[in-house]
Structure formats: structure tokens, C-alpha cells
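# Structural features, examined
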Amino acid sequence: MSGAALAVVVVVVFFLSLYLLHCYGDVRKQQRMVLFATLLSWYLCFLIVFILPLDVSATIYRQCIFDSSNHTGTSQTPSRHAVQSKANSSPQESMSAPTVCEEPWSYIPNGVLQVLWRVVYWTSQFLTWLLLPFMQCYAQSGAFSMAGKIKTALIENAIYYGTYLLIFIFLLIYVAANLTWKLTWTKLQTICITAANTWGLFLLVLLLGYGLVEIPRSYWLSSSNNYLLAKTYFKVAKVATEKAAAEENLADVMEEVSDIHLSVRFKHFLRKYVDTILTKCPTEHQEEMGRNADTSHGERGVLPTKITLVKLHKKVISAVQKHRQTQVQWSVLLDQAFQLEDVAKNQSNPLRQFTHSFPVHRAWICRFIYPPTIEWYWECVFRRAFCRLLAVLLCLISAAVAWSECTFFSTRPLLSLFAVLVQTAKKQYNYICIEMACFIGILFMGVCVYSTVFRIRFFNYYHLVPHHQTDAYSLLFSGMLFCRLTPPLCLNFLGMIHMDLAVSHQDRIQTSYTSIMGSMDLLSFISDGFYIYYPMLVLLLCIATFYNLGSRCLNLLGLHQYVSDDELISDFVDEGRELIRRERRKRQKTEDGEKRRWQSHQCSERTPLSTASLPLRSLQSAFCCGSTYAVPGGSGMVAMELLDRPELVTQELDSQDSHMSETRKSVIKFTRRERNVDDQRTSLLQGNFSEDGSPNKRFTGGHYLSQSPLQSGIFDDV
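Residues numbered from 1 in each chain as written. Predicted model: local features only at pLDDT ≥ 70, side-chain atom pairs only at ≥ 80, totals over all residues. Heavy atoms only, no water.

### Focus on the overall build of the protein
- When helices and strands are tallied, the protein shows 26 helices and 4 strands.
- Buried residues in the protein amount to 43% of all 718 residues.
- Considering only residue pairs separated by 6 or more positions, the protein has 74% of its internal contacts joining residues 24 or more positions apart.
- Of the roughly 39500 Å² of accessible surface on the protein, a fraction of 61% belongs to carbon and sulfur atoms. (Helix = DSSP H or I, 4+ residues; strand = E, 2+ residues; numbered from the N terminus. Buried < 20%, exposed > 50% of the residue type's maximum accessible area, 1.4 Å probe, protein only. Contact = heavy atoms within 4.5 Å. Areas by Shrake-Rupley, 256 points an atom, 1.4 Å probe, with all protein chains shown as cover.)

Here it is as C-alpha cells:
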């Protein structure tokens, strides 16, 4: 059972990481090494979070066995299976009997966990401090060869690696100056781990303080459709500005590429680099450059250098990626805005069926599971209550985490709520409750931290964009952050439940995870000071996030964030509403045009019907589809296209009942002349003149109406 639990966790975490990478990365276009490094970093970090509760329960079980063996006075390790006491034992024997130790359902041997933690931890640290920074510069380089990209990455990372080398040298000097320490390889590892965890804990508290407030508040505000619609309008206004800037930047870069394309001829040694740059340009710009090259008449500009081409290559990659991001974001925001406006309109729908303004293409299984009736009840009735209930639940967990962060240093009395839960379940050896408490606590903290990493944006350098639009630099940077934040996150949670000996100061068996971290007593000012009191700042950060102090400061700096009570933000909302109204009109016109073309295409495929047996009402419906009939007594063919003007026939039918009966009698006498019909139809489609010499009149849809005189007088009013 223990092996099955570990296998399930490993498989589930892998598919979770793969799904997130599929949402944010582009598997078909991005480099395989970038995708693999990002997937590995995310997978290892998520694996630590999911396996840590199993480590806690296994440690409590080993402590039970240790206490039981000490109680019997033997040094032998008891069996791992439950020790059942006899029912007929005397009270004295029960007093001296060892504690019953049941093996957890998910028990993992200590040796397996230590090997697993060692591999996972050191692999993640190698990725975050060495490989991923190098791959960032490699992926962003504009060099045309692998050697050139490696050289560029090494040069750009010289300052980065040099800074860490200086910090490491200072730590060595500090350790060597302290004569009470005897420097060994194990202690050197502990110093490096402590330094990495200190940096990670500094960033962890900042992200955690934001997530503890923002996640519950976002669900509470999401229950209001008006709030979501106003925020979407704000995003539309911002993305419209970014979209215009990206299009302008792309046009400037493409103009520069076009000039170089004209100046470097096909036999020049730099031509292969120019061709590489052209392959990164959008297709429409490539075709335009090809037409310009054909009409340039041999005009040549200044020849560029290879360094210029390298810089241009980097600019093209960045400009095309940014342009594609803004286009996709714009399309997604339009769909979200239309959906929210439809929700507002369907609130008062008496039929209780959700109606979309535009057709929504879904798979048949989705249409079966999520029909319009269920969609109406979810969007208009249940979603509001569900979001608020979930927000209240998340708010309670956030309050418990914030309280535990401020009080976990107190062992007597026990103030940390998560420590109280674990210690209470530990007395009864209820491993299910222990693992659930640990899993909920660390998973919620991980969601608060990781979701903040997915939301934050550092100008144009780092931004995780869904719908496969995240660039390689941002993917690798997110992997770096995850690998640096996860180890201090786990250590902080173990301190909250008093399973870290540096916090509890008890002589007990430590978890396999903390045994890999080593003893923090070497740097007492960090273990007894920074690790204990710095997490208390999370309370101040929660208060600052609650009052939107960070967003207000960014608004003052010109980096606009959505704040509902800001007058400047209301201008953005009004601008976004107007943009959505304009896009709705454009899309409606497009949908109407496609519908008319589809109807015209369907009607053109039908065989012309004989009117000998048609009543006038059926004739009206046939005329609305543009059917053609022969009229006796005339030399021409009447091609009635009433798709654009059906109201004329309706007016004639409703006005004169007597005229209707006469018309029906005349229509019954129609005869179809096959030979004349074919000849006249061919002449009409080819744009020829009618028999009386008058040209045919062409209507908007590409149809023709003969101007030959009508002798029957049936359609004089029309």
C-alpha cells in the first residue's frame, strides 16, 4: 500500500506539471530543452509539496516505535506492524506494556525517503542556480549558431555568477574566522543550504502575504458579475494599448528587416543569416518583403555587420512573440467580455435557458453535460453562492496560516493552530488526520505562493501568459522561482507544526527532509533569529494587500492596476466598455454576413421548383430563397431575388385578398420552358444583354434581375 501511495503521487504530480506546461507553453514551437527544463523544475517542486505529508506521518510512526522500544528497555526495533495487546492482560501488565504503533497506510521507509529527498533537492538546486539562468540567456540570444549562443549566455551570466561567488567567498571567510568551528564538507553543505533557504524565505514571505489575502478576496469578488465585467473592461483597455504598441513595434522591426533584405543580395556571405531572420517573421510580412524585392530595381542600402544581424534577430524574436501574445490576449478578453455581458442579459430570462450572443463551438460531450438550462442555473444562480462559500472557507484557512506564522515559535503554550491539529492527531496516532492537516496546510500555502508567481509581471521581462503564449525566458524564470521558493516553504511549514527541531528544540526524531537540510546551529543568528521572527512580517503584508497599498503605489508610478474606487481606473473602464461595444458591432456584422452567404449558398444548390402546384404562401417562401420561375408571355426570364426585399411580397399578400385569389389563379397557369430557362439563365450569369437590348441590373449579392417587360402584370407592384 505504501508503494502504491507513492506511485500515485508521482504520477499525479507529473500530469499536473505537464498540464500546466501545456497551458502556458507552446509544445510545437518552443525549444525542446526549454520545455524539458521547465517541466523538470515544476515537477520536482510540486513533488516536494505532495510527498512532505507522507514524510511527516512516517516520522511520527518511527518516533512511536522508538518510544515503544525505550519503554520496554530493549534496543531492538519492534515490528513495523501493529502490536496488539491481549484482552486478558492484567492492569499491571497494561501499565508496563509498550504503546501500540500502527503502521500508516502510506508508510515509506526512511531510506527510500532520504534518497528521494536528496535527489529531488540537489537536482532542483542545480537547476535554479546553474542551469536555468544559463538557458535563459541561451534561449534569448540572437546568435545564429549554438557556439554563439553559448558564448553570449556565458558573457551575460558573468555578473550573475560572479555575485554568488563573492557571497560564497565571504561565507568561507566568516567560517574560517570563527575558530570554534571545524570546517568539514557536511558543514559547508549546510552553509550553502542555509544561504539558499534564507534568500528563498525572504521572497516567500512577500509572495505569501499577498496570496493569503488576494485568493479569498478574488473568489468573493468573482461572485459579482458587475465586478468581473468592470475588471474585464479595464483589462481590455490596457491590452488595447499594449496591442497597438506591439503592432507599431513589429512594423518598425519589419521595416528594418526589409531594408536589410534589400541590401544583402543572395550571393553575399551574410545572406544565410538574413534568411534565418526572415523565417522568424510573420508570413504576411515575408510576402510583402518578397514583393518589395521584386520592385526594388536593384536598389541597395548599407551592408550590415554580423553583430547588427544578431541584435536584429533578437529584436525580431521578441517583437513577434509580443505581437502574438497581445493578439491572443485580445481575443480571449473579447470572449470573456461577451460571456459576462451575456450573463447580465440572461439574469432576467424567463425561459431559464442560457442564450449566447454569438455561436459557441463546443464538443458534443460538453453540449450533453452542460446544456443551456444547466448553464443558466450555474451562471445565474449557483455560481454566486458557490464563490462566496469557497471564499469564506479560504478566508478561514488564510487566517489560520497567518496566525500560525506569527505564533509558531511558542512551544509552551502551543499556539500554532496547525501544530495543535497535528499534535492532537499524533496522540491518537490518527495518520489520516495528520496527513490531511499537513496536506491542506502546505497545499494552500503552495497555491498562495505559486499563484502569485503566475500572476506577477516584471514589465516585459517576465510574464506568464496562458493559451500557449509564454516565452522561453518567462518559463525558465518561473522554474527558477519555484525551485528557490519550495525548500524554504517546506521548512517553514515544518516549523509551523513543530516538526523542525530548530523550532521545537525537542530531542525527537527529525523528518527525512530536515535531515537532508542539516543542522542550522552553525549559523545561530539565522536559525534563532531570521527564521523565527521574519515570517511575522506576513501579517503586515496581509494588511497592506487588504487595503491595496501595492496597487495604489503602482498606479502613482504609472503602472495601472485595477482598484475599484480610483477615478483614473474608471476612465479605463469606460474606454474598455466602448471598445467592447465596437467589437460587438463588428463581430455581429461578420456573423450576419456569413449567415447571408450560407443561406445564399444553400438556396443556390436547390433545384428550381415547379409552381404549378404551389400555393402563394409557398411561392413567397420560395422567392425568399431566390428561386427562379418562367413567366409566360415574355421573352425574358424573371430571376426574382427577394432575399434582400421579402417585405414587398408580404405587404402585397396582406393588403389585397381579392388580388391574392387572382394571383393564385394566374400562377397555377404557369408553364416551365426548359430550353429557354437554361439559355436565359446562362446569359444572366454571364452578364449579357436581354433580348430588348437593355442591360441587366446587378444586385448586391451577385444576382441579376432582368429588365425585360412583364406582360402578365402579376408583379407590377413589386
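Following the structure, the description resumes.
### A look at the nonpolar core
- In this structure, I497 and Y513 are the most contacted members of the largest nonpolar core, which totals 97 residues.
- Ranked by residues supplied to this core, first place goes to helix α2 (residues 32–72) with 22 residues.
- If we skip the residues at most four places from it in the chain, I497 touches V56, F418, A419, V422, Q423 and C438.
- Core analysis: the second largest hydrophobic core is formed by 23 residues, V239, I569, F572 and V573 among them. (Core = buried A, V, L, I, M, F, W, Y, C linked by side-chain atoms within 4.5 Å.)

### Some words on the state of the cysteines
- Throughout the structure, instances matching the rule amount to 1 disulfide.
- Through a disulfide, C64 is tied to C101; the S-S separation comes to 1.9 Å. Judged by the sign of its S-S torsion, about -90°, the cystine formed by C64 and C101 is left-handed. With a gap of 37 residues between them, C64 in helix α2 and C101 in the loop between α3 (91–96) and α4 (110–140) connect regions that are remote in the sequence.
- A relative accessible area of 1% means that C64 is categorised as buried.
- Owing to a relative accessible area of 4%, C101 belongs among the buried residues under this scheme.
- The thiol of C448 is unpaired, and the distance to the nearest cysteine sulfur, on C542, comes to 8.8 Å. (Disulfide = S-S within 2.5 Å.)

### Section: the packing of α4 against helix α5 (residues 146–156)
- The N-to-C vectors of α4 and α5 enclose an angle of 125°; their axes lie 8 Å apart at closest approach. When the axis of α4 is compared with that of α5, the two are oblique. Crossing of α4 against α5: the hand is right-handed. Contacts from F134, C137 and Y138 of α4 reach α5 at M146, K149, I150, A153, L154 and E156.
- Among the residues forming the contact of α4 with α5, the class breakdown is 7 nonpolar, no polar and 2 charged. (Axes fitted to C-alpha atoms, helices over the stretch in contact; angles between N-to-C directions. Parallel < 35°, antiparallel > 145°, perpendicular 65-115°, else oblique. Left-handed = near helix turned anticlockwise from the far one by under 90°. Nonpolar A, V, L, I, M, F, W, Y, C, P; charged D, E, K, R; others polar.)

### Regarding the pattern of salt bridges
- Within this structure, the stated rule accounts for 14 salt bridges.
- A salt bridge links R508 to D67; the shortest N-O distance between them is 4.0 Å. Taken together, the residues R508 in the loop between α17 (501–504) and α18 (512–517) and D67 in helix α2 connect sequence positions 441 residues apart.
- Between R577 and D574 there is a salt bridge, with its nearest N and O atoms 2.9 Å apart. One end of the pair is R577 and the other is D574, both in helix α22 (residues 567–604) and 3 residues apart, which spans about a single turn.
- Classification of D574 as partly exposed rests on a relative accessible area of 43%. (Salt bridge = Lys/Arg side-chain N within 4 Å of Asp/Glu carboxyl O.)

### Points about the confidence of the model for the protein
- Residues with a pLDDT of 70 or more make up 77% of the protein, whose mean pLDDT is 79.
- The secondary-structure element of the protein with the lowest mean pLDDT is strand β4 (residues 704–705), recorded at 36, while helix α13 (residues 372–407) shows the highest, at 94.
- With pLDDT under 50 throughout, residues 74–98 is counted as low confidence; its partners more than four residues away or in other chains account for 25 contacts.
- Low pLDDT, under 50, characterises residues 609–718; the stretch is placed with 110 contacts to residues that sit more than four places away or in other chains. (pLDDT = per-residue confidence, 0-100.)

### Concerning a negative patch on the surface
- Judged by side-chain charge, E248, D252, E255 and D259 come together as a negatively charged surface patch.
- Following the sequence through the fold, D252 ends up in helix α8 (residues 225–263). (Patch = residues over 30% accessible without salt bridge, like charges linked within 9 Å, V, L, I, M, F, W, Y side chains within 5 Å. Lys, Arg positive; Asp, Glu negative; His and termini not counted. Charge placed at Lys NZ, Arg CZ, Asp CG, Glu CD.)

### What to know about helix α16 (residues 472–496)
- Between its terminal C-alpha atoms α16 stretches 36 Å, which fits the 36 Å expected from 25 residues at 1.5 Å a residue.
- Of all the bends in α16, the greatest reaches close to 25° and is centred on L485; the proline P487 follows between one and four positions later.
- Of all 25 residues making up α16, 24 are buried, and the element is well covered by its neighbours.
- Immediately downstream of α16, the backbone of H498 shows phi near 60°, a positive value. (Expected span 1.5 Å × (residues − 1). Bend = angle between axes of the 7 residues up to and from the residue.)

### Observations concerning the environment of Q561
- Tracing the chain through its elements places Q561 in the loop between α21 (549–556) and α22.
- For the pair Q561 and K235, spaced 326 residues apart in the sequence, the C-alpha separation amounts to 9.3 Å.
- Filtering out sequence-adjacent residues up to four positions away, Q561 remains in contact with F234, K238, S551, L554, N555 and I569.

### As for a nonpolar patch on the surface
- A cluster of nonpolar side chains, L537, L539, L540, I543, F546, Y547 and L549, forms an exposed patch at the surface whose accessible area comes to about 700 Å².
- The element best represented in the nonpolar patch is helix α20 (residues 537–546), accounting for 5 residues.
- By the element assignment, L539 lies in helix α20.

### Some details on the layout of surface pockets
- What the second largest pocket holds in volume is close to 1200 Å³.
- For the second largest pocket, the lining is made up of 38 residues, of which I317, S318, Q321, D471 and A472 are closest to its centre.
- Of all elements in the fold, only α4, α8, α11 (306–346), β2 (462–463) and α16 reach the threshold of two or more residues within the lining of the second largest pocket.
- When residues of the lining of the second largest pocket are assigned to their parent elements, the largest contribution, 11 residues, is made by α11.
- Of the residues contributing to the lining of the second largest pocket, the split by class is 12 nonpolar, 15 polar and 11 charged. (1 Å grid on protein atoms, 1.4 Å probe; cavity = no way out; pocket = protein on both sides within 12 Å on 5 of 7 lines; lining within 4 Å. Points joined across faces, edges and corners; volume = space filled by probe spheres on them.)

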